[in-house]
Amino acid sequence: MQGQDGERDRHGARNGGDRSPGAPGGRPAGAPAGTSTAAPAEVPDPEPRRGRPRSAAAERAILDAVIALLEAGEPLAGLSIERIARTAGVGKATIYRRWSDKEELFVDVVRDMEPDDPPVSGTEGLADLRVMLESLRTRGLAQRSSALLHNIFAQMKSHPKLWNEYHGTVIAPRRLAMVEAVRRAVAAGELRDDLDVELIDDLFVGPMLVRTVHRPDAPLPDDLADRIITALLQGLAPAARV
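We now turn to the structure provided with this report. From a predicted model like this one, the values you see are computed outputs, not experimental measurements.

1. Looking at the pattern of salt bridges
Now for step 1: Under the criterion given, the structure shown has 20 salt bridges.
Now for step 2: Residue glutamate 134 pairs with arginine 137 through a salt bridge whose shortest N-O separation is 2.8 Å. One end of the pair is glutamate 134 and the other is arginine 137, both in helix H5 (residues 126-145) and 3 residues apart, which spans about a single turn.
Now for step 3: Taking the relative accessible area as the measure of exposure, arginine 137 reaches 5% and is therefore buried.

2. Quick word on helix H1 (residues 56-71)
Now for step 1: In this model H1 runs 22 Å from its N-terminal to its C-terminal C-alpha over 16 residues, within 8% of the 22 Å that 1.5 Å per residue would give.
Now for step 2: Those residues of H1 lying buried are Ala58, Ile62, Leu63, Ala65, Val66, Ile67, Leu69 and Leu70.
Now for step 3: Where H1 is buried, its residues touch helix H2 (81-88), helix H3 (92-96), helix H4 (102-113) and helix H6 (147-156).
Now for step 4: Between the side-chain oxygen at the start of H1 and the backbone nitrogen of alanine 57 there is a gap of 3.2 Å, and the oxygen is on serine 55.
Now for step 5: Glycine 73 sits one or two residues past H1 and shows a positive phi near 100 degrees.

3. Focus on the nonpolar core
Now for step 1: One finds Ile62, Val66, Ile84, Ile95, Leu105, Phe106 and Met156 to be the most contacted residues of the largest nonpolar core, which totals 31 residues.
Now for step 2: At the level of secondary structure, the elements contributing two or more residues to this core comprise H1, H2, H4, H6 and helix H7 (160-187).
Now for step 3: Among the elements that make up this core, the one with the highest residue count is H1 (8 residues).
Now for step 4: Excluding residues within four positions of it along the chain, leucine 105 makes contact with Ile62, Leu63, Val66, Ile84, Ile95 and Trp99.
Now for step 5: Met132, Leu136, Ala181 and Leu224 belong to the second largest nonpolar core, which has 22 residues in total.

4. Overview of the packing of aromatic side chains
Now for step 1: According to the stated counting rule, one finds 2 aromatic pairs in the structure shown.
Now for step 2: Here phenylalanine 153 and tyrosine 166 contribute two aromatic rings whose centre-to-centre distance is 5.4 Å and whose plane-to-plane angle is 85 degrees, an arrangement assigned as edge-to-face. Placement of the pair is phenylalanine 153 in helix H6 and tyrosine 166 in helix H7, with a sequence separation of 13 residues.
Now for step 3: Its relative accessible area of 2% is what places tyrosine 166 among the buried residues.

5. So, helix H9 (residues 224-234)
Now for step 1: Within H9 the residues assigned to the buried category are Leu224, Ala225, Ile228 and Ile229. Summarising the axial view, the buried residues of H9 lie within an arc of 135 degrees, below the 170-degree limit, and thus occupy one face.
Now for step 2: Just past H9, the residue glycine 235 takes up positive phi, approximately 85 degrees.

6. A few points about the packing of H1 against H4
Now for step 1: Where H1 meets H4, the axes come as close as 10 Å, and the angle between the chain directions of the two elements is 85 degrees. Classified by the angle their axes make, H1 and H4 are roughly perpendicular. Contact residues: Arg60, Ile62, Leu63, Val66 and Ile67 in H1; Leu105, Phe106, Asp108, Val109, Asp112 and Met113 in H4.

About the cut-offs
Residues numbered from 1 in each chain as written. Predicted model: local features only at pLDDT ≥ 70, side-chain atom pairs only at ≥ 80, totals over all residues. Heavy atoms only, no water. Salt bridge = Lys/Arg side-chain N within 4 Å of Asp/Glu carboxyl O. Helix = DSSP H or I, 4+ residues; strand = E, 2+ residues; numbered from the N terminus. Buried < 20%, exposed > 50% of the residue type's maximum accessible area, 1.4 Å probe, protein only. Expected span 1.5 Å × (residues − 1). Contact = heavy atoms within 4.5 Å. Polar contact = N/O pair within 3.5 Å; in protein donor to acceptor, adjacent residues only side chain to side chain. Core = buried A, V, L, I, M, F, W, Y, C linked by side-chain atoms within 4.5 Å. Phe/Tyr/Trp six-rings, centres within 6.5 Å; stacked < 30°, edge-to-face > 60°. Arc of directions from axis to C-beta. Axes fitted to C-alpha atoms, helices over the stretch in contact; angles between N-to-C directions. Parallel < 35°, antiparallel > 145°, perpendicular 65-115°, else oblique.

Below, the structure written as structure tokens:
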């Protein structure tokens, strides 16, 4: 059963108790001792329960508070949990129930500002690769159009703990998903099977990263993902002359 706000926490655990209102032990208030209180059998909830119910409004207020402080010119290094809690109108304990430290919170702030990761089939190869390459392109566009997001990434790279947290929880899973899509494409006969799959992945991702990260003025046209895939599949050698 769900807690007061019916939400799950960020690790998937439900919140709140499941005891019905009334006297301790679940006996209806005012019922004499010995009254049967047997409830209909329920399917056991396999998920662990944690503390107090979590509030989506409080979580949104905390993320918005960090963004507001950054927009006001506060550097990441200068933000404290106390300042964030005061700006959000919550207690520090409310923040620590959701994030173990500032780095974990800041990563969620960045993820909140970035475009959502698109769903992929998980069964296709090249089709899923194209979706993920397109996601790289749209995130590059988002960083170009948001001075705040661009500034946050620049600051993150100068804070190893924060960058490592972002890399471990965001970048690494995205890379793994692309490598798995390459494996599926190889297994389906869409890509050659005599090359290392990680090298193939780098060949797909590399051109997009060059355009989005290393060449911030380079164009990012809508068909860029398709053009990269087509160029790699056709190869760069000139066509043989007849």
